[in-house]
Amino acid sequence: MTLYHSALVETLGRHFALSKSRLVTLVTLIAGLAQSRSVNLSHLAVHLCGPARHASKYRRLQRFFQFVRLDQAVAARLVVHMLNLERPKYLALDRTNWKLGSRDINILMLAIVTRRFRVPLLFALLPHQGNSDTGHRIALMRRYLSLFPVTSIRCLLADREFIGAEWMDFLNENKIPFAIRVKIDMTVTLEDGHAWSLATLLRRRRARCATLVGHINGTAGATREPVRLAAKRLGNGEWLIVATNRSDPKQALSDYRKRWGIECLFGDAKTRGLNLEDTHITNPEKLASLIIIVMLAITWAYRCATQTMGMKAIPRKSHGRREKSWFRIGLDALRNWILNSPKAAAHAWLEKAPRRSITISKHA
């Protein structure tokens, strides 16, 4: 067993109640995922040690997903600890989906987005295609609040799919700061009691930026508390409108730009990185375990990026964008170290790995 295998088996064994054999398989899946950049079990089976035939190794991985259920809550606490993300942070809520044959894979994801990291935290597998509903969103945020205090949320960012009076009332009641883009055809009840569509209100505005205060109207009524709205005209003439419960609505426009981090995360987990769409798994419980393995691989890659870059910034190209993302720097380093420097790969993981089991505590 290599140094990094031993390091991961020892530390993950403190958090996931698995036998030694299952732990070794889990670690092989995480490392194999980084090396092969695919979640396809046929590709991952070649990373299992031993003289067994490929078919036997493949069946061993199938049995792992058949019998093992990894705990999302434990994985979320592990990610936050290993990436030193206990401080208040931006959360982004979004959905990714694809089809496998006639089956729809539809994932509602809550992720952390920072200047360097974009990492999955909690998720729900939706039992249908299309948008999530208010119940799914509230259930996901309640799970977050059962693990972390509300003060850990600097701002919740979401796109136009995640609107609604009941949803915003929930966020207000739980004192969750948010910046959510809204549709221009939505109606708002102003403080004088008159209801107007945002399109009508903004048609009269000549300036590139505008702010409003009112109650967002949904299908089941208006928000109980007024929300602030900030609107900015984009270069193509379209209005970017963000609803927020923060005191400075213009700051919400700036915060909303960070939401793009979760789109980049989906690229890291899918076509530009670990190719999550390669899976043939459709069973929700098995797929949930696979997504947690992807979370752990992404976390390990970010630990390698931190080891590689330290406090340095990634150079920019002539067009102003970074040469590489933090994820890609970390993934390239991890793949290299697994093959050529197992000690470095082990050190990157061990430096921030919790020395004891993480306690899941509930917050009011």
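As the structure is a computational prediction, the values presented were derived from the model and not from experiment. (Residues numbered from 1 in each chain as written. Predicted model: local features only at pLDDT ≥ 70, side-chain atom pairs only at ≥ 80, totals over all residues. Heavy atoms only, no water.)

### Quick look at the overall build of the protein chain
Keep this limit in mind: A run of DSSP states H or I qualifies as a helix once it reaches four residues; a run of E qualifies as a strand once it reaches two. Both are numbered from the N-terminal end. Radius of gyration: C-alpha atoms only; globule rule: 2.2 Å multiplied by the number of residues to the exponent 0.38. Residue contacts are counted whenever heavy atoms from the two residues lie within 4.5 Å of one another. By the counting scheme adopted, Arg and Lys are positive, Glu and Asp are negative, and His together with the chain ends is not counted. Here the site of a charge means NZ on Lys, CZ on Arg, CG on Asp, or CD on Glu.
Looking only at helices and strands, the protein chain has 13 helices and 11 strands in total. For 364 residues, the compact-globule formula gives about 21 Å, and the C-alpha radius of gyration of the protein chain, at 22 Å, lands near that figure. For the protein chain, the spread of C-alpha atoms along the three principal axes comes to 75 × 45 × 40 Å. When contacts within the protein chain are restricted to residue pairs at least 6 apart in sequence, long-range pairs at least 24 apart make up 60% of them. Averaging the coordinates of the 58 positive side-chain charges in the protein chain and doing the same for the 26 negative ones gives two points 7 Å apart.

### Focus: the environment of Leu44
Within the fold, Leu44 resides in helix α3 (residues 41-44). Between the C-alpha atoms of Leu44 and Leu33, which are 11 residues apart in sequence, the distance is 6.7 Å. With residues near it in sequence (within four places) discarded, Leu44 still touches Leu29, Gly32, Leu33, Ser36, Ser38, Val39 and Leu61.

### Observations concerning the nonpolar core
Nonpolar side chains in soluble globular proteins tend to end up buried together. Quick note on the threshold: Nonpolar cores are built from buried Ala, Val, Leu, Ile, Met, Phe, Trp, Tyr and Cys residues. Side-chain atoms within 4.5 Å join them into one set. Relative accessibility decides the category of a residue: with a 1.4 Å probe and only protein chains considered, values under 20% of the type maximum give buried, values over 50% give exposed, and everything between is partly exposed.
Of all hydrophobic cores here, the largest spans 137 residues; its most connected members are Leu12, Leu156, Trp167 and Trp300. The element contributing the most residues to this core is helix α11 (residues 284-309), with 17 residues. With sequence-adjacent residues up to four places away left out, Leu156 is seen in contact with Leu91, Leu93, Leu110, Met141, Trp167, Leu171, Ile176, Pro177, Phe178 and Ala179.

### Re the packing of α11 against helix α12 (residues 326-340)
When two helices pack together, their arrangement is given by the angle between the helix axes and by the axis-to-axis distance. The condition that has to hold: Only the contacting stretch of a helix is used when fitting its axis, a line to C-alpha atoms as for every element, and angles between N-to-C directions run 0 to 180 degrees. To sort the angles, those under 35 degrees are grouped as roughly parallel, those over 145 as roughly antiparallel, those from 65 to 115 as roughly perpendicular, and the leftovers as oblique. When residue character is reported, Ala, Val, Leu, Ile, Met, Phe, Trp, Tyr, Cys and Pro are called nonpolar, Asp, Glu, Lys and Arg charged, and the others, Gly included, polar.
As a packed pair, α11 and α12 sit with axes 7 Å apart at the nearest point and diverge in direction by 90 degrees. Relative to α12, α11 is oriented roughly perpendicular. Listed contacts from α12 to Ala297, Ile298, Trp300, Ala301, Tyr302, Cys304, Ala305, Thr306, Gln307, Thr308 and Met309 of α11 are Trp326, Phe327, Ile329, Gly330, Leu331, Ala333, Leu334, Trp337 and Ile338. Across the contact of α11 with α12, the residue classes tally to 16 nonpolar, four polar and no charged.

### Considering helix α5 (residues 72-82)
This is how the line gets drawn: Any pair of N or O atoms that falls within 3.5 Å is considered a polar contact. Within protein, one atom must be able to donate a hydrogen and the other to accept it, and sequence-neighbouring residues count only if both atoms are side-chain atoms.
Across the 11 residues of α5, 10 count as buried, placing the element largely inside the fold. Considered for burial, the residues of α5 that qualify are Gln72, Ala73, Val74, Ala75, Ala76, Arg77, Leu78, Val79, Val80 and Met82. Summarising the contacts, the buried residues of α5 are in contact with α1 (3-12), β2 (103-113), β3 (118-125), α6 (134-147), α11 and α13 (342-350). For α5, the N-terminal cap is Asp71; the gap from its side-chain oxygen to the backbone nitrogen of Ala73 is 2.8 Å. At the exit of α5 stands Asn84, carrying a positive phi of roughly 55 degrees.

### What about the packing of aromatic side chains?
Using the following cut-off: To pair, rings of Phe, Tyr and Trp, with the six-membered ring standing in for Trp, must have centres within 6.5 Å; the planes then decide the type, stacked if under 30 degrees apart, edge-to-face if over 60, and tilted in the middle. A positively charged side chain is recorded as over a ring if its NZ (Lys) or CZ (Arg) lies within 6 Å of the ring centre. The angle to the ring normal must also be within 35 degrees.
Summed over all chains, the structure comprises seven aromatic pairs. Ring plane angle 40 degrees and centroid distance 5.0 Å describe the contact between Tyr144 and Phe148, whose orientation is recorded as tilted. Through pairs of rings, three or more aromatic residues link up here, namely Tyr4, Trp300 and Trp349. Residue placement shows Lys89 over the ring face of Phe148; its charged tip is 5.8 Å from the ring centre.

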